[in-house]
Amino acid sequence: MSPTHFSVKSLSGKIFNTVLVFTIAVILAFSAIITVLFYFSYEQEAEAALTEQAQDAAAYLNETPSDENVPSLLAQFAGTVRYTLIAADGRVLFDSASADASAAENHGSRPEVREALDDGHGSVVRYSETLKTDTLYSAVKLDDGSVIRLAETRHSLVAFATTMLGPLAVALAVVVLLVFVLSRLLTRRIMKPIDALNFAEPLENEIYEEMDPLLERIDEQQRMLKQQTREIARAETMRRDFSSNVSHEMKTPLQVISGYAELMKNGLVDPADSRKFAGLIYEEAQAMRSLINDVLILSRLDEAAVGDRDQAIDLYAMAQSVANRLVPFSDSEGVRVLVEGESTCIAGTDTLAEEMLYNLVENGIRYNHEGGSVRVIVGNDGAGPVVRVTDTGVGIPEEMHDKVFERFFRVDKSRSKETGGTGLGLAIVKHAVMYHGGSIEVKSTLGEGTTFILRFPAMDERAN
């Protein structure tokens, strides 16, 4: 079972359980409320009926001649309702539930009797802990000052609810069964579009609009993952190509060194040629050292481990320093190096910045012609520091302007070999510029020369 399928099934179960439990809870609460409301409504009607019955009995007794036997008259009403005739002083004159009314305790302190004596009518409900029942009393004062009281035993709320448990349990069982079936159907209906989700194309799904943000997020993450996968694949390809190129580039000088060294070891070199062979071995060793140095620089750039980024670097002063270092090389090639502009600072790493300018100026000399020049102009265009390195060399074909920054790419491989280039110089320059938060642009015309334009962000106050 896939994680997606498992999560959808889990969601379906949660929805079903939630709907079922919530519905049953609502039904139980509704049943309890209805029971309570029905009980109190029924009790109010019973109280009103008992009160009306007491008033009728009082009216009847008030109209009965005084010589009539009142107890015998009240006995006619014997039934579920208890009739009690109470004198004004609280003595019980008649009680339909007792054969000897005279033995009953004085009722003058009873709340309903006191209320009737004071206001003409009184009602009260008393709960019996022994019988677990409520007794409703309604008393009416007669014209002669006595009180007629009616009493009726009623079920308490607890007792009433207990009598309703059986019917409620049956009804609840039926309702729960219906709710179970309906909850299952409702859950399936809710989950149907979710089960049909196509996560490969999240935005193509037709589903509840509340889920649109989730699907958009999934689509965004998938695009990010695809992009990351492509970048990883590209990086892996670049790594393999880089390893292959490094091996290839090192193989040639190693073969030369090994071959000449073997000849010298076996005494097969004329003593007059030993100096020449030693010179060739030295040149190839220097080429290997340059290659290894460039590879190490690129490796540190890839790992962002080239030093402190917050050093204040004066690009104009550094360009002059680079030009001075390259004087022997420029003189041997017959190329003039000119540095112009003004002091302009960036925040970065001085060794890396120096390597960046060194490679540009050195390339300008290496791929130039005798009598040519390399001009370095340092300044600020208002948006930030700008460095322009212009040479009068062979130029770069327009279709190769973007490729020149690739590792081991050479415009003219045969000339690069002759001049000793490693093919990594401009790759280092591009990475160094990006490391400093800048950008690089190349403008070139074949046979007329090349200009590299480096733009950097303005130095913040911390670096000043």
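You'll find the structure just up there.
Below or above, wherever it landed, is the structure these notes cover. (Residues numbered from 1 in each chain as written. Predicted model: local features only at pLDDT ≥ 70, side-chain atom pairs only at ≥ 80, totals over all residues. Heavy atoms only, no water.)

What about the overall build of the chain?
The criterion, for reference: Numbered from the N terminus, helices here are DSSP runs of H or I no shorter than four residues, and strands are runs of E no shorter than two. Pairs of residues are marked as contacts when any of their non-hydrogen atoms sit within 4.5 Å. With residues, only the protein chains shown are counted as cover, and all accessible areas are computed by Shrake-Rupley using a 1.4 Å probe.
Helix and strand content of the chain: 12 helices and 12 strands. Intrachain contacts of the chain at a sequence separation of at least 6 include 61% that bridge at least 24 residues. When the accessible surface of the chain is totalled, it reaches about 27,600 Å², and 55% of it is carbon and sulfur.

Some details on the side chain of Thr135
Within the secondary structure layout, Thr135 lies in strand S4 (residues 133-141). Leave out the neighbours within four places in its chain, and Thr135 touches Val124, Val125, Arg126, Ala151, Glu152 and Thr153.

Here we look at the packing of helix H8 (residues 315-325) against helix H10 (residues 350-366)
Quick note on the threshold: Every axis in this analysis is a line fitted to C-alpha atoms, fitted for helices over the stretch in contact. Angles between the N-to-C directions lie between 0 and 180 degrees. Any angle from 65 to 115 degrees is called roughly perpendicular, while one under 35 is roughly parallel, one over 145 is roughly antiparallel, and all others are oblique. Two helices crossing with the near one rotated counterclockwise from the far one by less than a right angle form a left-handed crossing, whereas a clockwise rotation gives a right-handed crossing.
Viewed as axis vectors pointing N to C, H8 and H10 meet at an angle of 55°, and their least axial separation amounts to 9 Å. In terms of their interaxial angle, H8 and H10 are classed as oblique. Judged by the twist between their axes, the crossing of H8 over H10 is right-handed. In contact with Leu315, Met318, Ala319, Ser321, Val322 and Arg325 of H8, H10 contributes Asp350, Ala353, Glu354, Leu357, Tyr358 and Val361.

Thoughts on helix H12 (residues 425-435)
For the record, the criterion: For the exposure calls, accessible area comes from a 1.4 Å probe over protein chains only, and a residue counts as buried if that area is under 20% of its type's maximum, exposed if over 50%, partly exposed in between.
With respect to burial, H12 is a largely interior element, 8 of its 11 residues being buried. Along H12, the residues that are buried comprise Gly425, Leu426, Ala427, Ile428, Val429, Ala432, Val433 and Tyr435. Just past H12, the residue Gly437 takes up positive phi, approximately 80°.

What to know about H10
Put simply, the rule reads: Helix span is expected to be 1.5 Å times the residue number reduced by one.
Its 17 residues give H10 an end-to-end C-alpha distance of 24 Å, which sits within 8% of 24 Å, the value for a rise of 1.5 Å per residue. Burial analysis of H10 places 14 of its 17 residues in the buried class, the great majority of the element.

Quick word on the sheet that holds strand S11 (residues 439-445)
The criterion, for reference: A pair of strands counts as paired when DSSP detects no fewer than two bridges linking them.
The strand order S7-S9-S10-S12-S11 describes an open sheet built from 5 strands, whose pairing is mixed. Each edge of the open sheet carries a strand with a single partner, namely strand S7 (336-341) and S11. Pairs of neighbouring strands in the sheet enclose a mean axial angle of 15°, with direction left out of account. One ladder, built from 7 bridges, connects S11 with strand S12 (residues 449-455); its direction is antiparallel. Bridge assignment links Lys443 to a residue of S12, and that residue is Thr451. Each of S11 and S12 touches H12; the most contacted strand, S11, lies at about 140° to it.

Some details on the environment of Asn17
One can find Asn17 in helix H1 (residues 3-63). Along the primary structure Asn17 and Ser183 are separated by 166 residues, whereas in three dimensions their C-alpha atoms are 8.4 Å apart.

Observations regarding the nonpolar core
As a reminder of what qualifies: What is meant by a nonpolar core is a set of buried Ala, Val, Leu, Ile, Met, Phe, Trp, Tyr and Cys residues, joined one to another through side-chain atoms within 4.5 Å.
Ranked by size, the top nonpolar core spans 36 residues in total, and within it Met356, Val387, Phe452, Leu454 and Phe456 carry the most contacts. Those elements giving two or more residues to this core turn out to be H8, H10, strand S9 (373-380), strand S10 (385-391), H12, S11 and S12. Among the elements that take part in this core, H10 stands out by supplying 8 residues, more than any other. Filtering out sequence-adjacent residues up to four positions away, Phe456 remains in contact with Leu315, Ile346, Met356, Ala383, Gly384, Pro385, Val387, Val433, His436 and Gly438. Counting residues in each nonpolar core, the second largest holds 14 residues, with Ala57, Ala58, Leu61 and Leu150 among its members.

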